[in-house]
Amino acid sequence: MLGGLLVVVAVFVAEAVSLLHESGADYVWRAAGDLGALYLPLAVSPSSPCGRAMGEMATALESNEISAMWAKHMIDSWGKTTDGQYFFNPFNGFYDECVTAASPGGRIKGKHCRIYTRVTTSTREGESTVPDTDPAAEYLAFLRRHVGKPDPALLGSLAREPRMGVMPLAVPFGNVQYDTCMPDVCTKEELQNSLLQAFLPHGVFPSVVVCSVQDERVEFTDGDVGFMSLVSFLLGLVVCSSVVDIYLHYTDSQHLAKGVLRYLLVFSAYTNLAKILQVNPKASPGNITCLHAMRTLSMVWVIWCHQQMTPLINMANIITFIMSFKNILGQAIMNGYPSVDTFFFLSGLLVTYSLLRQSKRTNTFNLPLFYVHRFMRLVPPIGLTVGLYATVMRFVVTGPIQSVWSSFFYPTCQQYWWRDVFFLDNFYFDSAVCVGQAWYLGADMQLYLVAPLIILPLYFTKSFGKAWLFLVTALSAIVPAAIIYHYDLPPTYVNNPLVMPEKTDGYTNKIYPMPWTRASPWLAGVWLGYIFYKQGNTKYKMNALTVCVGWTVATITGLLVVFGMFSYNRVVVPMPYEVMTQVVYGGGHRLAWGAVLAWVVFACHNGYGGVVNGFLSHPVWQPVSRLTYTTYLLALPVQYIIHCNTSQGGAYYFSHLNMLISTVGAVVVTLPLALLLSLLAESPVVGLERILLRPNHNTPRPAPPSKGEAAPPPPANPDGDSAEAGTTITTTTTTTTTNGVGFSNPVFTVEEVTKAS
């Protein structure tokens, strides 16, 4: 069928272009049966650069010489009808074949364009309305007439259909998407105008979303130059400081590190990398070793869930994708939202323990430093990330779906960067945001701002503090339950066709990103942090029955939180949820998940974790866990970039094995980039913060190594600040340590789904 279609299309285009020189576009459409007009800007003037290029293309199509194959490659790269239409397989073309096609001497090159069409009830642009009839039923009738029949005018027939519900799930911008290839001198506007004349009489509105050529000319903006200058300056600092640091380590010049050079040495990759890679396998009251694995595995869980959504824009077998989650195990992905609640829990645990411990040590609380510490740690990495998104990242994305980046991320980051830098984007979740996953940073920052009001009463007025914490914890479950009940929202973000889209959107905007509805696991962490603070250096003793009951209840509760929505959270044969499910699960599942995590950490830390603690407390998790903040910032865009740059041939075919391979690839690519971001914008801030906020505190530097030996990593400070790498509870974060007032940066940042997913 493809060969026959290619011949027919070639003849049509050749005849169309020759007729274009004689009688104009109207006669071409009548003679060619509309097919050429669906792919080429036939409405242009024959004397225009585009018209002359298509004339040469027509001549080449009539030739059998090898030098004329460039025109046939352009036609061959067009998106045509494919198999698997019942599974919503899009009409993707072949990007690489198009952009590499070139006439002898390179005078004419291929330009790839992606086109979306949508059904309208009006022939005027901008008056698109939903058809009254069922598009799915009419499309099935269309399939019965056309599928399996060698009809070279199938695309033309598609365009003439009054109702085309071809891909309502795969293509949010229209009913049909397909690709074309035209001479590079033709503009996107010329193609758009020509398509309007071909489609609108049939009640279809076309939109040329993006056109691209190979080796497109790069034009740097002032923002691009500024960002590259900043990164170059930071890289220069890292290189210079590393050279100086290595020299000091291998010579008897340690006294120099105590002077002005200490401001430069904080950028040393030699020292900072050693701290990141350092491991501390011994558990102690200040070192809860199981947190590292909990943080790392939750991050991988999030990346795995995000990977399922990334290729939806050009997935060839969406029905297979949907059907693959019809069993209960699919809830680990469909209902993977507890993964982000793990980070809220860890945040509450660490800030509570460090704040109470510092209050006990000094009997004072410095509120300005408490907030300055937080902003100093978080702003540089996210600021550098937003700058990357808003400038040079667009040069990395290529391929037929690059419009995802060029039309959304790039302009959004240029306009709304401040929402991320000032941690406000969770309040704009219903509109455009730059770093979509930074909603968690916003919610966690807002909880951090009120943390003193919740935690300090536990130290200064113990009875009132516990009663106050109990009340706040109860409200953290009641508030989301009340909102869900009042607005009749689903109990969680469910993939259920019985749920109206406005209800799902209501849950996404009113429940999912808001701090007052996400506080439950954070408060569970506060409770455990208080318990550990009261526990001190002692170990709790529990009998075998208590341990058995605790693990049994925690296991059952955790499984119910993740898999309990199976009947409601599926596309295939779902059940409508009832009020009791809305209120109980919607209000209590996050608190229940926090309680499960609290038991796991408490049991493991006190010696009742068994094989679970052996797995979670293995030292191998520690280096990776210190990169969770920068990994969180980079993972999702890396997943989009990898997918865009590996989809040059068209559609993505879903399978669980493909998803696993893609997830592993995303992790492998993201970690080195996260390490680089940490060395540029996170670890140096740790050192600068120590110098500025604790000027009288000197970090002991390692002794010079023996001849022929490498320098050892910096030893632990008296208050545990070797844990700049995160080996103590006050520093169990991404390459951070305590600051002048002793408060850690409990940022285990990661998010579950973007608004787009």
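The present account deals with the structure reproduced in this document. Predicted, not measured: the structure shown is a model, and the values here were computed from it. (Residues numbered from 1 in each chain as written. Predicted model: local features only at pLDDT ≥ 70, side-chain atom pairs only at ≥ 80, totals over all residues. Heavy atoms only, no water.)

## With respect to a positive patch on the surface
A grouping of Lys360, Lys462, Lys466 and Lys534 is seen on the molecular surface, where their side chains present a positively charged patch. Locating Lys466 in the fold gives a position in helix α20 (residues 462-487). (Patch = residues over 30% accessible without salt bridge, like charges linked within 9 Å, V, L, I, M, F, W, Y side chains within 5 Å. Areas by Shrake-Rupley, 256 points an atom, 1.4 Å probe, with all protein chains shown as cover. Salt bridge = Lys/Arg side-chain N within 4 Å of Asp/Glu carboxyl O. Lys, Arg positive; Asp, Glu negative; His and termini not counted. Charge placed at Lys NZ, Arg CZ, Asp CG, Glu CD. Helix = DSSP H or I, 4+ residues; strand = E, 2+ residues; numbered from the N terminus.)

## Some details on the nonpolar core
Within the largest apolar cluster, 125 residues are counted, with the highest numbers of intra-cluster contacts made by Phe345, Trp522 and Val601. Beyond its immediate stretch of four places on either side in the chain, Trp522 contacts Phe344, Phe345, Ser347, Gly348, Val351, Asp444, Leu447, Ala451 and Ile454. Formed by 36 residues, the second largest nonpolar core is a distinct cluster that contains Val44, Cys50, Ala68 and Cys181. (Core = buried A, V, L, I, M, F, W, Y, C linked by side-chain atoms within 4.5 Å. Buried < 20%, exposed > 50% of the residue type's maximum accessible area, 1.4 Å probe, protein only. Contact = heavy atoms within 4.5 Å.)

## Looking at the packing of helix α16 (residues 367-390) against helix α28 (residues 656-693)
Running from N to C, α16 and α28 point in directions that differ by 160 degrees, and their axes come no closer than 9 Å. Here α28 runs roughly antiparallel to α16, going by the angle between their axes. Both α16 and α28 take part in a crossing whose hand is right-handed. Across the interface between the two elements, Leu369, His373, Met376, Arg377, Pro380, Pro381, Leu384 and Thr385 of α16 pack against Leu677, Leu680, Ala681, Glu682, Val685, Val686, Glu689 and Leu693 of α28. Here the contact of α16 with α28 is composed, by residue class, of 11 nonpolar, two polar and three charged. (Axes fitted to C-alpha atoms, helices over the stretch in contact; angles between N-to-C directions. Parallel < 35°, antiparallel > 145°, perpendicular 65-115°, else oblique. Left-handed = near helix turned anticlockwise from the far one by under 90°. Nonpolar A, V, L, I, M, F, W, Y, C, P; charged D, E, K, R; others polar.)

## A closer look at unusual backbone geometry
Of note in the backbone geometry, Asn363 takes a positive phi value of approximately 60 degrees without being a glycine. Mapped onto the secondary structure, Asn363 falls in the loop between α15 (338-362) and α16. Even without a glycine there, the phi angle at Asp488 is positive, about 55 degrees. Following the sequence through the fold, Asp488 ends up in the loop between α20 and α21 (501-510). Overall, Asp488 belongs to the partly exposed group, its relative accessible area being 39%.

## Regarding the packing of aromatic side chains
Going through the model one piece at a time under the given rule, you end up with 31 aromatic pairs. Seen from their ring centres, Tyr39 and Tyr178 are 5.6 Å apart, and the 75 degrees between their planes marks the pair as edge-to-face. Pair noted here: Tyr39 is in the loop between α2 (25-32) and α3 (49-62) and Tyr178 is in strand β2 (residues 176-183), with a separation of 139 residues, a long-range link. A single burial state applies to Tyr39 and to Tyr178, both of which are buried. Ring geometry for Phe409 against Tyr640: centres 5.6 Å apart, planes inclined by 55 degrees, an arrangement best described as tilted. Of this pair, Phe409 sits in helix α17 (residues 403-421) while Tyr640 sits in helix α27 (residues 628-645), and the two are 231 residues apart along the sequence. (Phe/Tyr/Trp six-rings, centres within 6.5 Å; stacked < 30°, edge-to-face > 60°.)

## Overview of the pattern of salt bridges
Per the counting criterion, the structure on display carries seven salt bridges. Ionic pairing is found between Arg107 and Glu56, a salt bridge with its closest N-O pair at 2.4 Å. Of the two residues, Arg107 sits in the loop between α5 (95-100) and β1 (110-119) while Glu56 sits in helix α3, which places them 51 residues apart along the sequence. Judged by its relative accessible area of 31%, Glu56 falls in the partly exposed class. A salt bridge links Asp341 to Arg518, with the nearest nitrogen and oxygen atoms 2.9 Å apart. Remark: Arg518 occurs in helix α22 (residues 515-535) and Asp341 occurs in helix α15; sequence separation between them is 177 residues. On the basis of relative accessible area, Asp341 is assigned to the buried category, the value being 1%.

## Quick look at the environment of Leu597
Positionally, Leu597 belongs in helix α24 (residues 579-605). On the accessibility criterion, Leu597 (8% relative accessible area) is buried. Put simply, Leu597 and Asp341 are 256 residues apart on the chain and 9.7 Å apart in space, counted from C-alpha to C-alpha.

## Let's talk about a nonpolar patch on the surface
A grouping of Val218, Phe220, Val225, Met228 and Phe395 is seen on the molecular surface, where their side chains present a nonpolar patch of about 410 Å² in accessible area. With respect to the helices and strands, the residue Val218 is situated in the loop between β3 (204-212) and α9 (222-250).

## Some words on the state of the cysteines
Disulfides are covalent bonds that link the sulfur atoms of two cysteine residues. All chains considered together, the criterion is met by four disulfides. With its sulfur 2.0 Å from that of its partner, Cys50 forms a disulfide with Cys186. One quick way to see it: the torsion about the S-S bond of Cys50 and Cys186 is about 90 degrees, and its sign makes the bridge right-handed. Residue Cys50 is located in helix α3, and its partner Cys186 is located in the loop between β2 and α8 (188-199); the two are separated by 136 residues in the primary sequence. With respect to class, Cys50 is no different from Cys186; both count as buried. A sulfur-sulfur distance of 1.8 Å marks the disulfide that ties Cys413 to Cys434. Looking down the S-S bond of the Cys413 and Cys434 bridge, the torsion is 90 degrees, so its handedness is right-handed. Residue Cys413 is found in helix α17, and its partner Cys434 is found in the loop between α17 and α18 (439-455); the two are separated by 21 residues along the sequence. Disulfide partners in the protein chain, listed by the sequence order of the bonded cysteines, are 1-5, 2-4, 3-6, 7-8. (Disulfide = S-S within 2.5 Å.)

## Thoughts on the packing of α15 against α18
Packed helices, taken two at a time, are described by the angle between their axes plus the distance between the axes. Following both chains from N to C, one finds α15 and α18 inclined at 30 degrees, their axes separated by 11 Å at the closest point. The two elements α15 and α18 cross, and the hand of that crossing is right-handed. Residues Val340, Phe343, Phe344, Ser347, Val351, Thr352, Leu355 and Leu356 of α15 lie in contact with α18, whose contacting residues are Trp439, Tyr440, Ala443, Asp444, Leu447, Tyr448 and Ile455. In terms of residue class, the contact of α15 with α18 is built from 12 nonpolar, two polar and one charged.

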